[in-house]
Amino acid sequence: MNPLVEPLSASLRSQIAANPLLSGLDLVSLARPSVRMATQRVPYARIGVGESRIGGLPDVPRGFEWPRWLPTKPRDDKFGQSWRPSVAAPLGFIAQFDLSDIPPVDDLLPATGWLYFFYDRYSEPWGYDPEDRGCCRIIYTDTDRSALTRAEPPSDSDPEHEAEPCLVETWPELTLPDELPALEYGTPIYDAYREVCEKLTQAGGHTHHRLLGHPQLIQNPMKLECQLASNGIFCGGPEGYQSERAHRFASGAANWRLLLQIDTDEDGPGWMWGDVGRIYFWVKQQDLKSLRFDDSWLIFQCS
């Protein structure tokens, strides 16, 4: 057992033992470790080159090309104004993580290197449309810290989409699925389960940034949406989920894993995702193991 995770699992077992209602649920096997993160807005001078951060600008190796995206159809920006770029526009920088400094709660992530996350902050796509492909990028590089330099924002980027730089505090956290289909809402066992879920994640306040683990839902579960939308099936209504093609692809939904959840955080990087929402970066488990992120997918949820 991972020495960082075992104390968390022991605490979960104690909570289960204290409530007989939960004894028939195999919660320990359902639990997934994550790295919870809290932000502290600071001047750039306080953030070392290569240090993990949310917001700000990335530190990148020589030859790095800032990821861009040209939507395949006209869109409105997040303020409802027409946004029709004629050339690919730069994606917004979300976060970078120095994996050598991230608690090793799961062997899915390498022990060294940097992960970078980008997302289109012009139109903030929701992820239910297959044409949202390309609106997010995940990049991994493993190089010497001395080879990294702080990037300048692209000359054509919108300063309004640049977030404030934040240092990141990290700690291991155990997570459970937000919902179990077998539990009926409002029943004593459902309430007991929700209490355990909340106790596991109560440290760090109401802002929930995390690497790995289970997502905290605002709307519906996302694995099937990732699977269908990434395979060309529009999921903006029930018809997509009910189609014959959806049934053919549905079994692959189990392969998707949450890589990064980023919350609304106005006191940190300064962003608000819709109405106090979150963005979720998803990858297929086999792609994560091989550090291939070309088929990653992003889902945006808000109230």
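Structure's up top.
Keep in mind it's a predicted model, so treat the numbers as computed, not measured.

Visitor: Which residues make up the sheet that holds strand 2 (residues 53-54), and what values go with them?
Guide: Spatially, the ten strands line up as an open sheet ordered 10-9-8-2-12-1-13-14-15-16, and their pairing is antiparallel. At either margin of the open sheet sits one strand with a lone partner, and together these are strand 10 (136-141) and strand 16 (297-301). Of the pairings in the sheet, the one linking strand 1 (residues 32-41) to strand 13 (residues 209-212) comprises four bridges and is antiparallel in character. The partner of Ser34 across the bridge, within strand 13, is Leu212. In the packing of helix 4 (residues 223-230) onto the sheet, the strands contacted are strand 1, strand 14 (256-263), strand 15 (278-284) and strand 16, and the crossing angle to strand 16 comes to about 130°.

Visitor: Provide a residue-level description of the pattern of salt bridges, including the pertinent values.
Guide: Overall, the coordinates contain 18 salt bridges when judged by the stated rule. Where Asp178 meets Arg194, a salt bridge forms, and the shortest distance between an N and an O atom there is 3.7 Å. Taken together, the residues Asp178 in the loop between strand 12 (166-175) and helix 3 (188-200) and Arg194 in helix 3 connect sequence positions 16 residues apart. Like Asp178, the residue Arg194 is buried in the burial classification. Note that Glu244 is salt-bridged to Arg248, the shortest N-O span being 3.7 Å. Of this pair, Glu244 and Arg248 both sit in helix 6 (residues 244-249), separated by four residues, roughly a single helical turn. Sharing partners across several salt bridges, the network here consists of Arg36, Glu173 and Arg210.

Visitor: Outline helix 3, listing residues and values.
Guide: In a regular helix each residue adds 1.5 Å, so 13 residues correspond to 18 Å; helix 3 covers 19 Å between its end C-alpha atoms and thus fits that length. Those residues of helix 3 that fall on the buried side of the exposure criterion are Tyr190, Ala192, Tyr193, Arg194, Val196, Cys197 and Leu200. Where helix 3 is buried, its residues contact helix 1 (6-17), helix 2 (27-30) and strand 12.

Visitor: Kindly report on the pairing of strand 15, identifying the contributing residues and their values.
Guide: The buried fraction of strand 15 is high, at seven of seven residues. A two-sided burial pattern is seen for strand 15, the buried positions comprising Arg278, Tyr280, Trp282 and Lys284 on one face and Ile279, Phe281 and Val283 on the other. Here five bridges tie strand 15 to strand 16, and the two strands are oriented antiparallel to one another. Bridging from a neighbouring strand, Trp282 pairs with Trp297 of strand 16.

Visitor: Break down empty space enclosed by the protein for me, with residues and values.
Guide: Tallied over the entire structure, the rule returns one cavity of 30 Å³ or more. Considering only enclosed or pocket space, the largest cavity measures out at about 120 Å³ in volume. In terms of lining, the largest cavity is formed by 16 residues, of which the most central are Leu91, Gly92, Ser157, His161 and Glu162. The residue makeup of the lining of the largest cavity, split by class, is nine nonpolar, four polar and three charged.

Visitor: Describe in detail the layout of surface pockets, supporting the description with residues and values.
Guide: Its volume calculated, the largest pocket comes out at about 390 Å³. If you go around the largest pocket, you meet 17 residues; those closest to its centre are Pro177, Glu179, His214, Pro221 and Lys223. Grouping the constituent residues of the lining of the largest pocket by class yields eleven nonpolar, two polar and four charged. Empty space within the second largest pocket amounts to approximately 270 Å³. Along its surface, the second largest pocket is lined by 19 residues, and Arg194, Cys197, Glu198, Thr201 and Gln216 are the ones closest to its centre. Among the secondary structure elements, those contributing two or more residues to the lining of the second largest pocket are strand 12 and helix 3. Per element, the largest residue contribution to the lining of the second largest pocket is four residues, and it comes from helix 3. In the lining of the second largest pocket, the residues fall into six nonpolar, eight polar and five charged.

Visitor: I'd like a description of a nonpolar patch on the surface, backed by residues and values.
Guide: Taken together, the side chains of Trp126, Tyr128 and Phe234 present a nonpolar region at the surface, about 280 Å² in accessible area. Its place among the elements puts Trp126 in the loop between strand 9 (114-119) and strand 10. The exposure class assigned to Trp126 is partly exposed, which follows from its relative accessible area of 32%.

Parameters at a glance
- Residues numbered from 1 in each chain as written.
- Predicted model: local features only at pLDDT ≥ 70, side-chain atom pairs only at ≥ 80, totals over all residues.
- Heavy atoms only, no water.
- Pairing = 2+ DSSP bridges.
- Helix = DSSP H or I, 4+ residues; strand = E, 2+ residues; numbered from the N terminus.
- Contact = heavy atoms within 4.5 Å.
- Axes fitted to C-alpha atoms, helices over the stretch in contact; angles between N-to-C directions.
- Salt bridge = Lys/Arg side-chain N within 4 Å of Asp/Glu carboxyl O.
- Buried < 20%, exposed > 50% of the residue type's maximum accessible area, 1.4 Å probe, protein only.
- Expected span 1.5 Å × (residues − 1).
- 1 Å grid on protein atoms, 1.4 Å probe; cavity = no way out; pocket = protein on both sides within 12 Å on 5 of 7 lines; lining within 4 Å.
- Points joined across faces, edges and corners; volume = space filled by probe spheres on them.
- Nonpolar A, V, L, I, M, F, W, Y, C, P; charged D, E, K, R; others polar.
- Patch = residues over 30% accessible without salt bridge, like charges linked within 9 Å, V, L, I, M, F, W, Y side chains within 5 Å.
- Areas by Shrake-Rupley, 256 points an atom, 1.4 Å probe, with all protein chains shown as cover.

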